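Listed below, chain by chain, are the residues.
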Amino acid sequence: MDIQDTLSNSKKRLDAQKVRIYLCGVTVYDDSHIGHARTIIVFDVLRRYLESAGAKVELVQNFTDVDDKIIDRARAESSAAGIVSGRYIESYFRDFDELNVMRADSYPKATEHIGEIIDYISTLEKKGAAYSSANGVYFAVSAFSRYGVLSKKKIDELQSGARIEVDESKKDPLDFALWKFSKDDPSWDSPWGRGRPGWHIECSAMSTKYLGENFEIHGGGRDLIFPHHENEMAQTETCTGAPFAKIWMHVGMVTINGEKMAKSTGNVRSVRRVLDEWGPNIIRLFCLSGHYSKPIDYTEDLLCEDLAKWRQAETCYFELIHAGGPGGGASGMVKEMSASFDAALRDDLNTHLALSAFFGMVKVANKMAAEGTLGGDDARAIRPELERMMGILGLSIPEITQEEIQEIDGMITQREELRKEKKFSDADRIRDEISGMGVELLDHGHGTVWVRREKIRAEN
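Residues numbered from 1 in each chain as written. Predicted model: local features only at pLDDT ≥ 70, side-chain atom pairs only at ≥ 80, totals over all residues. Heavy atoms only, no water.

Description of helix α13 (residues 402–420)
Argument step 1. With 19 residues, α13 ought to run about 27 Å at 1.5 Å a step, and its terminal C-alpha atoms sit 27 Å apart, in line with that.
Argument step 2. Contacts from the buried residues of α13 go to α9 (300–322), α14 (424–436), β14 (439–444) and β15 (447–452).
Argument step 3. Once α13 ends, the next one or two residues include Lys-422, with phi positive near 65°. (Helix = DSSP H or I, 4+ residues; strand = E, 2+ residues; numbered from the N terminus. Expected span 1.5 Å × (residues − 1). Contact = heavy atoms within 4.5 Å.)

Here you go:
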């Protein structure tokens, strides 16, 4: 497949039987928000698609569990940084498991790799690219001649215009911390003095430890391009003397009603809040509805549109379960939609077009069902492809057992008999019982079928 590479600003061919991916994860000082969800869901779909195509994927996603924000939160709570980070790591797994995100192969934490980080800094120091100051150990940006190549920023413009924290001990305003001196916990002994690692160095040390010096994809949100990934690339390639990631893949930001998410304005949407209101499928549809590299705006109207589409997908799935008779006219349509779906994902993971193919097949199947032309042969052609697409997109219809199907079918048969006997109040009572099971009845001219609906609180 082809993926847009931020470094070359062009599509690059990904052609490997084993794909190693390092995804910059969250800093665990608060609950994850919808912006985090979009990035992680995009990479979840990338992984699912690659594995469906036969590739072996190794995904490493870190937790930044030592950071000034974590320390500040711990102080505010009269707690310890490890307790704060541990609580939000648990929260992360609870939220993203519910979002149907496959777990990464490894979740390395900065605090568990202090030895590797110190070794990395020592190598940079030996190469003349790191120096000690009054406040810590810094990377000398002048040691990397290509600095700014990832973000397309020029060093002279950065020096004159960037907002850089004043530190008179640095040789250059652009130099960044590899090790920060501190005697407050959490801190560790090092050859330079007690302290803790800077933000960028942890990802260099952990990505190369788990995936090697030159792996296939390094990813994250577009907000990480500068300074995080720019600095990471500079220190890593200086340390190893080799190219770093083959492809740099970045996901666009999520805005709220056209504005950047910010706690100061109170417009941050946590994953937990959105999950409770809309459920996992609607969130995934929202996050995948535009091209991953572009920003996307979170609005209630968009979520309502996604919900309406998902209701059609649910209807389709259960129409396929109930379909009987020969039919057989759907195989050509299935091949066409399947080819469109795969072509869209091969071309820079275009989930917008992939969803168009998915819902195109849903629309045709529902139309056939409404007209009474959807047969068993059609269902046997459509359903496996529908399930394959949903598996790649991470969408999920609530499971239903054969016993439940038989029970509901029996109640529907009983209701129809009561209606024939004009016992409408009894028939309505059974309909209410069925509705209480999350089941909706669809009365076609040729009979009644039923659909199990996912409960969405925002609908009420």
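Here's the deal with the packing of helix α10 (residues 331–346) against helix α11 (residues 351–371)
Argument step 1. Interhelical geometry of α10 versus α11 gives an angle of 165° and a closest axis separation of 7 Å. Considering their axes alone, α10 and α11 lie roughly antiparallel with respect to each other. Crossing of α10 over α11 shows left-handed handedness. In contact with Met-333, Val-334, Met-337, Ser-340, Phe-341, Ala-344 and Leu-345 of α10, α11 contributes Thr-351, Leu-353, Ala-354, Ala-357, Gly-360, Met-361 and Val-364. (Axes fitted to C-alpha atoms, helices over the stretch in contact; angles between N-to-C directions. Parallel < 35°, antiparallel > 145°, perpendicular 65-115°, else oblique. Left-handed = near helix turned anticlockwise from the far one by under 90°.)

Details of the nonpolar core
Argument step 1. Ile-34, Leu-46, Ile-217 and Phe-358 are the most contacted members of the largest nonpolar core, which has 107 residues in total.
Argument step 2. When sequence neighbours within four positions are dropped, the list of residues in contact with Phe-358 reads Ala-313, Leu-386, Met-389, Met-390, Leu-393 and Leu-395.
Argument step 3. Tyr-120, Ile-121, Leu-158 and Leu-174 belong to the second largest nonpolar core, which has 23 residues in total. (Core = buried A, V, L, I, M, F, W, Y, C linked by side-chain atoms within 4.5 Å. Buried < 20%, exposed > 50% of the residue type's maximum accessible area, 1.4 Å probe, protein only.)

Concerning the domain arrangement of the protein
Argument step 1. What the domain assignment lists for the protein is domain 1 (2–251), domain 2 (271–393) and domain 3 (402–459).
Argument step 2. Between the C-alpha centres of domain 2 and domain 3 the distance comes to 24 Å.
Argument step 3. Taken together, the contact pairs 19 residues of domain 2 with 15 residues of domain 3.
Argument step 4. Roughly 1,500 Å² is buried in total at the junction of domain 2 and domain 3, and carbon and sulfur atoms are behind 54% of that figure.
Argument step 5. For Glu-459, the salt bridge goes to Arg-311, with nearest N and O atoms at 2.5 Å.
Argument step 6. The leading source of residues in the side of domain 2 that touches domain 3 is α9, at 9 residues.
Argument step 7. Taken together, the residues that form the side of domain 2 that touches domain 3 break down as 9 nonpolar, 5 polar and 5 charged. (Domains from an automatic or database assignment. Buried area = accessible area lost by both parts, 1.4 Å probe. Salt bridge = Lys/Arg side-chain N within 4 Å of Asp/Glu carboxyl O. Nonpolar A, V, L, I, M, F, W, Y, C, P; charged D, E, K, R; others polar.)

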